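Inside the fold
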Amino acid sequence: MSDIDLDQVRRQVAGRPGPPNAVDIADSLRALGHVVTDTTVRSTLEALRRDSVGAGPLEALLAMPGVTDVLVNGPNAVYLDRGNGLELTGVRFVDDAQVRRLAVRIAASAGRRLDDGVPCVDAQLADGTRVHALLGCLTDVGTVVSLRVPSARTWTLDDWVTAGSLTPGGAELLRRLVTRRAALLVSGGTGSGKTTLLGALLGEVSPRQRIVVVEDARELHPVHPHCLRLQARPPNGEGAGAVTMTDLVRQALRMRPDRLVVGEVRGAEVIDLLMAMNTGHEGGAGTVHANSATDVLPRLEALAALGGLSRQALHAQVVAALDVVIHVRREPDGRRRLEQIGVLTRDDATGSAGIETAVSFLSSGAETPGPGWNAMARLVAP
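These remarks concern the structure in this document. Note on numbering: residues in each chain are counted from 1, in written sequence order. Restriction of local features to residues with pLDDT of at least 70 applies here, the model being predicted, together with a cutoff of 80 or more for giving and counting side-chain atom pairs; totals for whole chains, interfaces and linings are based on all residues. The side-chain quantities take in all heavy atoms of the structure and omit both hydrogens and water.

Focus on the overall build of the chain
Put simply, the rule reads: By definition, any uninterrupted DSSP run of H or I lasting at least four residues is a helix, any uninterrupted run of E lasting at least two residues is a strand, and each is numbered from the N terminus. Burial classification: accessible surface area is computed with a 1.4 Å probe over protein chains only, and a residue below 20% of its type maximum counts as buried, one above 50% as exposed, and the rest as partly exposed. The contact criterion used is simple: two residues touch if any of their non-hydrogen atoms lie within 4.5 Å. Asp and Glu count as negative and Lys and Arg as positive, but His and the ends of the chain are not part of the count. By convention, charge coordinates are those of NZ in Lys, CZ in Arg, CG in Asp, or CD in Glu.
Helix and strand counts for the chain stand at 13 helices and 15 strands. Along the first, second and third principal axes, the C-alpha atoms of the chain reach 85 × 50 × 40 Å. Within the span of the chain, comprising 382 residues, buried residues form 46% of the whole. In the chain, of all internal contacts separated by at least 6 residues, the share reaching a separation of at least 24 is 50%. Charged side chains of the chain number 41 positive and 43 negative; the gap between the two group centres comes to 4 Å.

Next comes the structure, spelled out in structure tokens:
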């Protein structure tokens, strides 16, 4: 069916009631001058279905085992990631108009608008898939679509050890931090496994404790019997009805949480998280983008500035609220692993916070204590 123009077929059947069936397709193909066979009718009907339902030509990629991301860079370059780095696939679109239709339809299924007036969208589908799209007016390759596939399984710390992403000693140290109700941030780059590791840590929380999770997009799925997950909501088409992360953090404080978790700190909600950790909610947690454990403080300073919090005030909050930073890394081969655990320090002269490396985990599996090891040992001591 390589010579069959689906747009022409679509226009032929557009005026007929209900979804197109085999008879409609056969009539349309005859009207367009094509030879009609059972094979051409079935293949054309299937192609139309793929192009008008779900993720269209990307459905097969999203269904592949182990796929975490599907990336569309215009009509002629579709990549996937299944843990070994990006791979160019054989999927191609007819033109950018087909990619745009797909992006608009996916955005609409998430209740979001995508057109020349609003040429970019960041949303979440009903099955948890994260979608980001930019129309061709903003790029040099045409419409760009990025799909982040939710994990089909929930990882535990034991799973991290089995996968070689965490040493047994590192797992024991993390368990002790959770048991001692240390306040922590999990840091790392995009796709490094921050959320996955945080979910595993929450699975170690006592079932007698209530966890309230606040997220921009629902990604945390801890195996815990008493976990409530709250999700922020963007404004509607009229610009009303938004519920922000900051709004939800404040609501969560009234829900009697034993542990308050912010799935990803991206903006001014960092202030609410730190303040919540300073109101007796021990064992709070969150994730943040950073290149290393020691880069977390500059990152928090930048986010706090968005909320009007000064550097001095931010450091005062951090010193009182946080205990440790857990940094994860994604290797060039796609493997994710725990790289560092850092402890928070305070300069009594200036009141400034600092982060000292307590232990580093090398790719070889070796564990190297750092200058903050003694402070870490006191933190996890029985």
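Re the state of the cysteines
Let me state the cut-off plainly: In this description, a disulfide is simply a cysteine sulfur pair whose atoms lie within 2.5 Å.
The full count for this structure, using the stated rule, is 0 disulfides. Unpaired in this structure, cysteine 120 has its nearest cysteine sulfur neighbour in cysteine 137, at a distance of 8.8 Å. By relative accessible area, which is 40% here, cysteine 120 ends up partly exposed.

Considerations on the pairing of strand β6 (residues 144-148)
Consecutive residues of a regular strand have side chains that alternate between opposite faces of the sheet. The condition is simple: One requirement defines pairing of two strands: DSSP has to find at least two bridges between them.
In terms of strand pairing, strand β1 (residues 69-73) meets β6 through 5 bridges, oriented antiparallel. The residue bridging valine 72 from the neighbouring strand is valine 145, located in β6. Strand direction decides the pairing type here: strand β5 (residues 130-134) and β6, joined by 5 bridges, are antiparallel. In the strand pairing of β6, arginine 130 is matched with arginine 148.

A word on the nonpolar core
Put simply, the rule reads: What is meant by a nonpolar core is a set of buried Ala, Val, Leu, Ile, Met, Phe, Trp, Tyr and Cys residues, joined one to another through side-chain atoms within 4.5 Å.
If you look at the biggest cluster of nonpolar residues, it comprises 35 residues, and the most contacted ones within it are Val214, Val270, Val296, Leu300, Val318 and Leu322. At the level of elements, β8 (211-215), α9 (245-252), β10 (259-262), α10 (269-277), α11 (296-306), α12 (311-321) and β14 (353-361) are the ones that each hand at least two residues to this core. At 6 residues, the largest contribution of residues to this core is made by α10. Aside from chain neighbours lying at most four places away, what touches valine 214 is Leu230, Met245, Leu248, Val249, Ala252, Leu260, Val261, Val262 and Gly263.

Considerations on the sheet that holds strand β11 (residues 285-289)
Where we set the bar: Here an angle of 0 to 180 degrees is reported between the N-to-C directions of two axes, which are lines fitted to C-alpha atoms, with helices fitted over the stretch in contact.
A sheet is described by the order of its strands in space; here 9 strands give the open sequence β9-β8-β10-β11-β7-β12-β13-β14-β15, paired in mixed fashion. At either margin of the open sheet sits one strand with a lone partner, and together these are β9 (227-231) and β15 (367-369). Here the average twist between neighbouring strands, direction ignored, is 25°. Sheet analysis places β10 next to β11, joined by 2 bridges and oriented parallel. Residue pairing in the sheet places valine 261 in a bridge with alanine 285 of β11. Here helix α8 (residues 194-202) sits on the sheet in contact with β7 (184-188), β8, β10, β11 and β12 (324-330), set at roughly 155° to β7. Across the sheet, α10 touches β7, β10 and β11, and the angle it forms with β10 is around 165°.

Considering the pattern of salt bridges
We count it as follows: Whenever a carboxyl oxygen of Asp or Glu lies within 4 Å of a side-chain nitrogen of Lys or Arg, that contact is scored as a salt bridge.
By the definition in use, this model includes 19 salt bridges. Where aspartate 69 meets arginine 148, a salt bridge forms, and the shortest distance between an N and an O atom there is 2.6 Å. One end of the pair, aspartate 69, is in strand β1; the other, arginine 148, is in strand β6, and 79 residues separate them in sequence. Exposure remark for arginine 148: the relative accessible area of 29% places this residue in the partly exposed category. A network of salt bridges, in which partner residues are shared, links Arg329, Glu331, Arg337 and Glu339.

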